[in-house]
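Descriptive analysis of the structure
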Amino acid sequence: VQLQACGGGLVQAGGSLTLSCIASGSIFTFNAIAWYRQAPGKQRELVARIISGGGGNTNYADSVKGRFTISGDNAKNTVYLQMNSLKPEDTAVHYCAVVRGGTTYWGQGTQVTVSS
């Protein structure tokens with residue numbers, strides 16, 4: 001499984017960004033699809049997740065609930081993370097990940113920087 005993430009950048013607080021992650025296969029074949037992030041000096045944390053491929057239940061970190069939305073487009077083999085009302089504390093390298101058969105596959109990170 002290969003994952004290609006893009007869409008990061010520099011944005012002012014209160015702005016929006018959409019991250020995309022293109023998978024090498026149908027996202028409905030994955031047990032879960034997710035976005036994680038890692039800020040400098042901190043551990044990688046789960047941001048949002050869809051269980052059972054692109055149409056299952058979603059989970060969000062408390063810090064992003066109501067601001068971020070994870071979604072999947074099976075026709076494009078793509079997972080999105082729509083990020084609204086961005087805050088400086090959202091600054092981090094964001095990673096997409098998928099799970100298949102108990103194995104987690106990671107994409108390369110994309111940097112999101114939110115200025116105050």
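Higher on the page you've got the structure.
Just so it is clear, the structure is predicted and the values come from calculations on it, not from any experiment.

**Observations concerning the state of the cysteines**
- Applying the stated rule across the entire model yields one disulfide.
- Disulfide partner of Cys 21: Cys 96, at an S-S distance of 2.1 Å. Linking Cys 21 and Cys 96, the disulfide has an S-S dihedral of approximately 55 degrees and is accordingly described as right-handed. Placement of Cys 21 in strand E3 (residues 17-23) and of Cys 96 in strand E9 (residues 92-100) is noted, with a sequence separation of 75 residues between them. Of the two residues, Cys 21 and Cys 96, neither departs from the other in class, the shared state being buried.
- For Cys 6, which is in no disulfide, the shortest distance to another cysteine sulfur is to Cys 21 and amounts to 8.5 Å.

**Focus: the nonpolar core**
- Membership of the largest hydrophobic core comes to 26 residues, with the highest contact counts inside it found for Trp 35, Leu 81 and Met 83.
- Those elements giving two or more residues to this core turn out to be strand E1 (3-6), E3, strand E4 (32-38), strand E5 (45-51), strand E7 (68-73), strand E8 (78-83), E9 and strand E11 (110-115).
- In contact with Met 83, not counting residues within four places along its chain, are Gly 15, Ser 16, Leu 17, Leu 19, Arg 67, Phe 68, His 94 and Val 112.

**Side note on the packing of aromatic side chains**
- The full count for this structure, using the stated rule, is two aromatic pairs.
- The interplanar angle of 90 degrees and the centroid separation of 6.5 Å between the aromatic rings of Tyr 95 and Trp 106 together place this pair among those described as edge-to-face. Of this pair, Tyr 95 sits in strand E9 while Trp 106 sits in strand E10 (residues 103-106), and the two are 11 residues apart along the sequence.
- You can call Trp 106 partly exposed: its relative accessible area is 39%.
- Among the aromatic residues, those joined into a ring-pair cluster are Tyr 36, Tyr 95 and Trp 106.
- Directly above the ring of Tyr 95 sits Arg 44, whose terminal nitrogen or CZ lies 3.8 Å from the centroid.
- Geometry around Trp 106 places Arg 44 over its ring, the cationic atom sitting 4.6 Å from the centre.

**With respect to the environment of Gly 56**
- With respect to the helices and strands, Gly 56 occurs in the loop between E5 and strand E6 (58-60).
- Among the residues examined, Gly 56 registers a relative accessible area of 28% and is labelled partly exposed.

**Description of the sheet that holds E1**
- Across the sheet, four strands lie side by side as E1-E3-E8-E7; this open sheet has antiparallel pairing. Edge strands, defined here as strands with exactly one partner in the open sheet, are E1 and E7. The sheet shows a mean angle of 15 degrees between the axes of neighbouring strands, taken without regard to direction.
- For E3 and E8, the ladder comprises six bridges, and the chain directions are antiparallel. The residue of E8 that forms the bridge with Thr 18 is Gln 82.

Conventions used here
Residues numbered from 1 in each chain as written. Predicted model: local features only at pLDDT ≥ 70, side-chain atom pairs only at ≥ 80, totals over all residues. Heavy atoms only, no water. Disulfide = S-S within 2.5 Å. Helix = DSSP H or I, 4+ residues; strand = E, 2+ residues; numbered from the N terminus. Buried < 20%, exposed > 50% of the residue type's maximum accessible area, 1.4 Å probe, protein only. Core = buried A, V, L, I, M, F, W, Y, C linked by side-chain atoms within 4.5 Å. Contact = heavy atoms within 4.5 Å. Phe/Tyr/Trp six-rings, centres within 6.5 Å; stacked < 30°, edge-to-face > 60°. Lys NZ or Arg CZ within 6 Å of the ring centre and 35° of its normal. Pairing = 2+ DSSP bridges. Axes fitted to C-alpha atoms, helices over the stretch in contact; angles between N-to-C directions.

By themselves, these figures tell us nothing about what the structure is for.
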